Amino acid sequence: MPERLYRKRQNAFIEALPQAGTGEDLPRHDGRGGTLALRLQGSGLDVRAKTGTLPGVSALAGYLTASSGRPLVFVVLMNGPESAPILTLRDAQDRVVQVLADAY
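Residues numbered from 1 in each chain as written. Predicted model: local features only at pLDDT ≥ 70, side-chain atom pairs only at ≥ 80, totals over all residues. Heavy atoms only, no water.

1. Focus: the nonpolar core
Nonpolar side chains tend to gather and get buried jointly when the protein is soluble and globular. Heads up, the rule is: Remark: nonpolar core denotes a set of buried residues (Ala, Val, Leu, Ile, Met, Phe, Trp, Tyr, Cys) joined through side-chain atoms within 4.5 Å. Only protein chains enter the accessibility calculation, which uses a 1.4 Å probe; a residue whose area is less than 20% of its type maximum is buried, one above 50% is exposed, and one in between is partly exposed. Strands here mean DSSP runs of E at least two residues long; helices mean DSSP runs of H or I at least four residues long; both are numbered from the N terminus. For this analysis, residues touch if any pair of their heavy atoms sits within 4.5 Å.
Ranked by internal contacts, the top residues of the largest apolar core, which has 14 residues, are V47, A49, L60, L64, F74 and V97. At the level of secondary structure, the elements contributing two or more residues to this core comprise β1 (47–54), β2 (57–65), β3 (71–79) and α3 (86–103). With 3 residues, the top contributor of residues to this core is β3. F74 has contacts with V47, A49, L60, A61, G62, Y63, L64, V97 and L100, leaving out every residue within four places of it along the chain.

Quick look at the structure:
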């Protein structure tokens with residue numbers, strides 16, 4: 001349903017964004033998942049987003065299909081000490097996305 005929803009709206013921008021949870025085996029992949037390929041795997045969510053990372057800074061922004069089928073726009077910006085573990089920041093972002101999807 002999510003792919004049909006985006007295609008029905010003819011939103012080429014959303015379709016062009018990397019898709020979370022594709023589980024692609026880098027470097028032999030079709031480019032669909034990018035940096036999100038291994039994130040949110042098994043969640044059942046359709047998340048199309050871009051990531052951004054600097055020391056102590058991590059961002060995730062894009063679109064997701066909520067449990068109701070509604071498309072949502074989200075942005076999660078995190079700024080902490082440079083020593084903040086990036087995997088901890090990414091895990092928190094993924095949990096925020098999951099909560100948003102479940103709430104709407």
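2. Things to note about the sheet that holds β2
Two strands in a sheet stick together by hydrogen bonds in their backbones, pointing the same way (parallel) or opposite ways (antiparallel). Rules: Strand pairing requires that DSSP identify at least two bridges connecting the strands. Interaxial angle, 0 to 180 degrees, is taken between N-to-C directions of lines fitted to C-alpha atoms, where a helix line uses only the stretch in contact.
On the basis of which strands lie adjacent, the open sheet formed by 3 strands has the order β1-β2-β3 and antiparallel pairing. Where the open sheet ends on each side, the last strands, each with one partner, are β1 and β3. For this sheet, the mean inter-axis angle between neighbouring strands, taken without regard to orientation, is 5°. Pairing between β1 and β2: 8 bridges, direction antiparallel. Among the inter-strand pairings, R48 is bridged to a residue of β2, identified as Y63. Here α3 sits on the sheet in contact with β1, β2 and β3, set at roughly 25° to β2.

Nothing here speaks to function; it is all geometry.
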